[in-house]
Each structure stands twice: as C-alpha cells, then as structure tokens.
Number of protein chains: 2
Amino acid sequence: MSHTFYDGQEKLFVATDCIIFGFDDNTIKLLLFERKVDPLAGRWSLIGSFVQENEGTKHAAARVLEEYTGLENVYMEELGCFGEVDRDPGARVLSIAYSALIRIGEYDVDLVERHGAKWFDYDQIPALVLDHNDMVDLAIQKLRRKAKYQPLGFELLPEKFTIPQLQILYECIYQRPLDKRNFRRKILSMNILEKLDEKDKLGSKKGAFLYKFDRDKYHSLAQKGILFEI
Amino acid sequence: MSHTFYDGQEKLFVATDCIIFGFDDNTIKLLLFERKVDPLAGRWSLIGSFVQENEGTKHAAARVLEEYTGLENVYMEELGCFGEVDRDPGARVLSIAYSALIRIGEYDVDLVERHGAKWFDYDQIPALVLDHNDMVDLAIQKLRRKAKYQPLGFELLPEKFTIPQLQILYECIYQRPLDKRNFRRKILSMNILEKLDEKDKLGSKKGAFLYKFDRDKYHSLAQKGILFEI
DNA sequence: TTTATAAGTGTAAAAAAAACACTTATTTTG
DNA sequence: CAAAATAAGTGTTTTTTTTACACTTATAAA
C-alpha cells in the first residue's frame, strides 16, 4: 500500500483530559492539578496527556490517571470530544475528555501531593485552563443525569458502605433531600445489595449495617431488562 | 513561544463518521455508502471525512453530510470517539462518530444517488468497513435511550405530521406497540404541539389533523424543569 | 441512669401508567 | 346512492408507582 488516500491528509495533536470525581465529607469533589507546562503553567487544570501512536484514547486517560493517583481499574467513561479550532492557544489540540469515579480512600496520597493536586468541592471549582471548566460542567451534568439510571454511586463509595451513606451521596448528586424510608425501600427492592453482618459505628452510636454492591446480580438483572433506577 | 511542550509530540489522523437516520415507510432507516477509496473500496460504509486543521470536528461531520445529501442545519449529536489502535488497517486513524437525524423527504436525491448511497432498514444493516457496525449499533442504542427523554422524533418527521405518524415512529424506535389513546393523551398533555387546521388525507379516508412541534414552547418548558417524556 | 444521636421501620394518600371498546368521518365499491 | 371498509378520534376504570409522614431502637457520652 504505497499510495493510499491517507497520504497528504493532515494530522492533529490529540490529547485526553480526565475529570476525577470523589466523594468525601458528604460532598462530591473534583481533583485538580497545577499545570506544569507552558502555556498557562501554574494555573489549575485537569490532568491530561497526549495520545500516543500506539495506544487507545481511553488507555491514554487511564495511563495518566494512574501516573497521578496510583489507581488502576478505575471506572472511566468518555465525556466527549472537545475539538474547537482555537480551544488551545498553543496549538491545534483536540481533546477527548473522560470522567473518572474514584474511591477517595484508595488513592496514593503522597503521589497526588507531589503532583500539586488539590480536591475542590464540585460547586466551587476555580477558573481552569483552556476549556476545562466546560468539561467539568458537562461532566457534572452528565453524572447527575446518569446516576439515576446506572449504578455509578457505588464507584464513589468504599466497597462496604451503609444505606445512609449511599443516601447522602445521592442527595449530593441530585442536590435535594431524599426521604430515608422511601430511599431505603427503593434501593433494597432492587436486590442488588448484599447485607453484611458488620456495622459501621463511626457515623452513629447505634451503628448502621454495612452493605456491598453485588455487581453480578446487577448485571444479570440488567440483562433481563430490569433496570436500575434511584 | 519557540519551544513548547507540543514540540516532539505525535500527531494522529482524525476523521469523523456520520450515522444518518431517516424515517420512511414506517421504518427507521440508515443511509450507507459504497466506499470509494482503498483500503476496502467497494464495501458498504458510513460517510466520513478527515478533520482539517482549521475546522471543528462537528464541522467536519456536517461538511461531509452536506456534501453527500445537500442538507444543512441537520440535527447532529456526538456519539463518541472510536480510538482503538488497530481499528483502521491502513493507518492509525481516530474517528469521532456523529449521529444525524434527517427528514427523509428533504435530501437531494440525485446527489445521494451519485454518491452510491442506499437506505437500509435499521435491523438489516450489512457488514460495514472497519468498526462502522459498532458505531451503528451504539447509535441505535443511544437513539432508543434518548428518544424517551428528548424530542428527537420531530427531527425525523416532516415539519407537519399527524399524531398517528408520530406514534408509529415511536413504535419503531421502541420496537413495541403503544396504546393510541394513552399516546395521544401523553404527547398532547405536554403542550409542545401546535394543532393546525389542515388534515393529512393520505393515511386514511377520514384524514388526520396535522401538528407542528413548537420548539420555543419546548425550550421554555425545559428551562422551567418540565421534562419531555414519551 | 439519663440524655443525645442517628438508624431503622409501615401505612395511607396522591399521582401516574396501563388496560380497554366504541363512534365518527370519509372514500371506495357494488 | 347505499353499504362496506378504513383509520381517526375519544373516556373511564384499574393497577402501579410515588410521595408524604412520625415513632421506636440501639448505643455512646454525659
């Protein structure tokens, strides 16, 4: 294939950026980094990386996520392509943005600190470089929309969690209070939680039972067309 | 800015592909083209184009759509980035796929024919080049999912349509029959349709009243948080 | 042992969705 | 020109889902 129609076509810089969500202190948070390279060095930014010739775009995003947090096998979802011509003043760079949901207790604290990162409440995001604020806004909107019909919440909680913790998470995402009796009934009626014999005694004197999300059960129900909804 | 961190980074080919939906003969259809360039010339394919240095990705998709159908201002939505390393045997090409919803009565029939295009029922898509079948499958899934909560249907119907036509469209999308009394009540209760004095007499002897989708009303209701659902 | 705290529980009312069958307007046909 | 055929159009009842709401319980701290 010496002469193909690829010859003479233009190539573009392709990057990925990663919107990292966490949940702690009863708040949804985003992990942001101080940009180290010019242009715009020193300003707050999402983490990102150029896509290499020999890797997929999601791989690039996961690679940089691991490099900055130490986390592997993180839940990541494509947010979209940000491809406006003038979005980056330094060059024509197209970025594929990914949302990542991480368990805030599991990342490598030292590593993150060394990279100049800081957690921000998701309603107090500072001005970011380039179009990163657009990415964040879109990611938050999408998280709100999707959380209702997909079991995303469990990606943000520790493996063992209590029903009240789960409820607070959804109250944060939806930004409105939920009735605890209705919430408990609804989530338990789906039969996707496994109740453990342990209790979490940190949140209250009485203690609340711990549960685990049963991914297998969820998938077999989803296959049958029985939908998650909360 | 003589030396920036862009220097030495790799660039990639970036293309767009376009999944073109239409509705006719009470069926959802997709417009496919015979690929003219090697590799894989002569095989069925989505239409696509490389993204130029001086245009956004959506612009590239809209440009190629107009070139092949004559249509401008078409409803288009990003489906996602297809970026696996080996998805194109000719070169490393990353593709941003877009779904387009067109009114099947409005495209330039000659132009489309000259480009070797053909409409296929959406459940009878032939083998396509590269990962285009994946794109189509994903686009159909997404259309099904989104149609319920966003007024996409009106992008596939002529400007004036009858309630039974609209119902048949949704029956196609959801692949299940709907009750006509419940359907009519639900869609009319949203107050987003304008009833015209005209009747369509082609579909029946009695004739059915024509309606128009009122975009302004829809948007002002959406702003107030009143959601479309069908 | 009293107090404070959050966990855990059931029922009734309201709203939304689903099920269901006949009448009407008009063209075609005999 | 009367009868038949066709798809449009219309309300009500039943079922399901969602919402609203208040007290008891287990335990640690005072």
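Look up a bit, the structure's there.
Visitor: How do you make sense of the packing of aromatic side chains when you look at a structure like this?
Guide: Each pair of aromatic rings is reported with the distance of its centres and the angle of its planes. Residue and element names in this part refer to chain A. Here the structure, examined in full by the defined rule, presents 31 aromatic pairs over all chains. One aromatic cluster in this structure is built from Phe154, Phe161, Phe213, Tyr218 and Phe228. Of note, lysine 148 hangs over the ring of tyrosine 149, and the distance from its end group to the ring centre comes to 6.0 Å. A cation sits over an aromatic face here: lysine 195 above phenylalanine 209, 4.3 Å from the ring centre.

Visitor: Before we go on, may I ask you to explain the pairing of strand 10 (residues 208–213) of chain A in this structure?
Guide: Looking along a regular strand, one sees the side chains alternate between the two faces of the sheet. Residue and element names in this part refer to chain A. Sheet topology places strand 8 (residues 160–162) next to strand 10; three bridges connect them, and they run antiparallel. Directly across from threonine 162, in strand 10, lies its bridge partner leucine 210. Looking at chain direction, strand 9 (residues 193–200) and strand 10 are connected through five bridges and run antiparallel. Following the sheet pairing, leucine 193 is matched in strand 10 by phenylalanine 213.

Visitor: Please clarify how the relation of the copies chain A and chain B should be interpreted in this entry.
Guide: The operation relating the two chain copies consists of a rotation about an axis and a shift along that axis. Mapping chain A onto chain B is achieved by rotating through 180° and translating by 0.1 Å along the same axis, at an RMSD of 0.0 Å. The superposition operator between the copies reduces to a two-fold rotation axis. Same-surface contact between copies: 100% of interface residues of chain A are shared with the interface of chain B.

Visitor: What's the story with the protein's contact with DNA strand C in this structure? I'm lost.
Guide: Near DNA strand C you find 19 residues, and of these Lys180(A), Arg184(A), Phe209(A), Arg181(B) and Lys205(B) are the closest. Between DNA strand C and Arg184(A) there is a distance of 2.5 Å, counted from a phosphate oxygen to a side-chain nitrogen or oxygen. Contact distances for DNA strand C include 3.0 Å between a base nitrogen and a side-chain N or O atom of Asn182(B). No other element matches helix 5 (residues 180–189) of chain A, which puts four residues into the surface near DNA strand C. Of the residues belonging to the surface near DNA strand C, the class tally is three nonpolar, four polar and 12 charged.

Reading the values: rules and limits
Sequence order as written defines residue numbering, which begins from 1 separately in each chain. Working convention: letters from A go to chains and numbers from 1 go to ligands, in the order in which they are written. Note on the predicted model: pLDDT of at least 70 is required for a residue's local features to be given, and 80 or more for side-chain atom pairs to be given and counted; whole-chain, interface and lining totals, by contrast, use all residues. The side-chain figures draw on all heavy atoms in the structure; neither hydrogens nor water molecules are used. Between the rings of Phe, Tyr and Trp (Trp by its six-membered ring), a pair exists once the centres lie within 6.5 Å; its type follows the angle of the planes, with under 30 degrees stacked, over 60 edge-to-face, and the other angles tilted. Here, over-ring charges are defined by two tests on the NZ atom of lysine or the CZ atom of arginine: distance to the ring centre within 6 Å, and angle to the ring normal within 35 degrees. Paired strands, as defined in this entry, are two strands with at least two bridges between them according to DSSP. Note on conventions: DSSP H or I runs of at least 4 residues are helices, E runs of at least 2 residues are strands, and numbering of each starts at the N terminus. Superposing the copies works by least squares over the C-alpha atoms of residues that have pLDDT at least 70 in both of them. We call two residues contacting when some pair of their heavy atoms lies within 4.5 Å. The rule for a residue being near a molecule or strand is that one of its heavy atoms must lie within 4 Å of it. Polar contact is defined as a pair of N or O atoms within 3.5 Å, subject to the rule that within protein one atom must be able to donate a hydrogen and the other to accept it, and that residues adjacent in sequence are counted only when both atoms are side-chain atoms. By the convention adopted, Pro, Cys, Tyr, Trp, Phe, Met, Ile, Leu, Val and Ala count as nonpolar, Lys, Arg, Asp and Glu as charged, and the other residues, Gly among them, as polar.

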